[in-house]
Amino acid sequence: MIRKFEGYFVPVLEYLKKEGPTSGSKIRSDIQDITGVTEEERNMETSKGTNIANSRVYWAVQYLFQSGALNRPQ
């Protein structure tokens, strides 16, 4: 099941604590694996063509960064 973006906060934080700095695409893919997003769900898009599952994890990471919970290494 695809969660709302806030449903990915804890999995993202736990993942990055364990894995350390990781690319955005790897975070999105691995978090979807961890949270049980199915292949069918991974292919779902909005009417504008945005991938829903990727977008939700992306926004979770963005909000965590904006709140100061995450840093972006240079």
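Details of the structure are given in the entry above.
No experiment lies behind these values; they were computed from the predicted model shown.

*Asks:* I'm lost on the nonpolar core in this one. Help?
*Replies:* Within soluble globular proteins, side chains that are nonpolar tend to cluster in buried spots. Counting residues in hydrophobic clusters, the biggest one holds 15 residues, and the most contacted among them are Y8, V12, I27 and I31. Among the elements that make up this core, the one with the highest residue count is helix α4 (residues 52-67) (six residues). Leave out the neighbours within four places in its chain, and I27 touches Y15, L16, T22, V57 and V61.

*Asks:* Help me out: how do you make sense of the pattern of salt bridges in this one?
*Replies:* One side chain can pair with another of opposite charge once the charged atoms of both are near each other. Per the stated rule, a full pass over the model turns up two salt bridges. In this structure, K26 and D30 form a salt bridge, with 2.7 Å as the shortest nitrogen-oxygen distance. Linking K26 with D30, this pair stays in helix α2 (residues 24-34), spanning four residues, or about one helical turn. In this structure K26 comes out as partly exposed when scored by relative accessible area, which is 42%. Given a relative accessible area of 16%, D30 falls into the buried group.

*Asks:* Just to check I follow, could you spell out the packing of helix α1 (residues 9-19) against α2 for this structure?
*Replies:* Between α1 and α2, the least distance of the axes is 10 Å, while the angle of their chain directions is 115°. Relative to α2, the element α1 is oriented roughly perpendicular. Note on packing geometry: the crossing formed by α1 with α2 is right-handed. Two secondary-structure elements touch here, α1 through P11, V12, Y15 and L16 and α2 through K26, I27, D30, I31 and I34. For the contact of α1 with α2, a count of residues per class yields seven nonpolar, no polar and two charged.

*Asks:* Help me understand the environment of I2 in this model?
*Replies:* Turning to its location among the elements, I2 is positioned in the segment before α1. Considering only alpha carbons, one finds I2 and N71, 69 residues apart in sequence, at a separation of 25 Å. Ignoring any residue separated from it by four or fewer positions in sequence, one finds I2 in contact with Y8, V37, E41, M44, I52, A53 and R56.

What counts and what doesn't
Residues numbered from 1 in each chain as written. Predicted model: local features only at pLDDT ≥ 70, side-chain atom pairs only at ≥ 80, totals over all residues. Heavy atoms only, no water. Core = buried A, V, L, I, M, F, W, Y, C linked by side-chain atoms within 4.5 Å. Buried < 20%, exposed > 50% of the residue type's maximum accessible area, 1.4 Å probe, protein only. Helix = DSSP H or I, 4+ residues; strand = E, 2+ residues; numbered from the N terminus. Contact = heavy atoms within 4.5 Å. Salt bridge = Lys/Arg side-chain N within 4 Å of Asp/Glu carboxyl O. Axes fitted to C-alpha atoms, helices over the stretch in contact; angles between N-to-C directions. Parallel < 35°, antiparallel > 145°, perpendicular 65-115°, else oblique. Left-handed = near helix turned anticlockwise from the far one by under 90°. Nonpolar A, V, L, I, M, F, W, Y, C, P; charged D, E, K, R; others polar.

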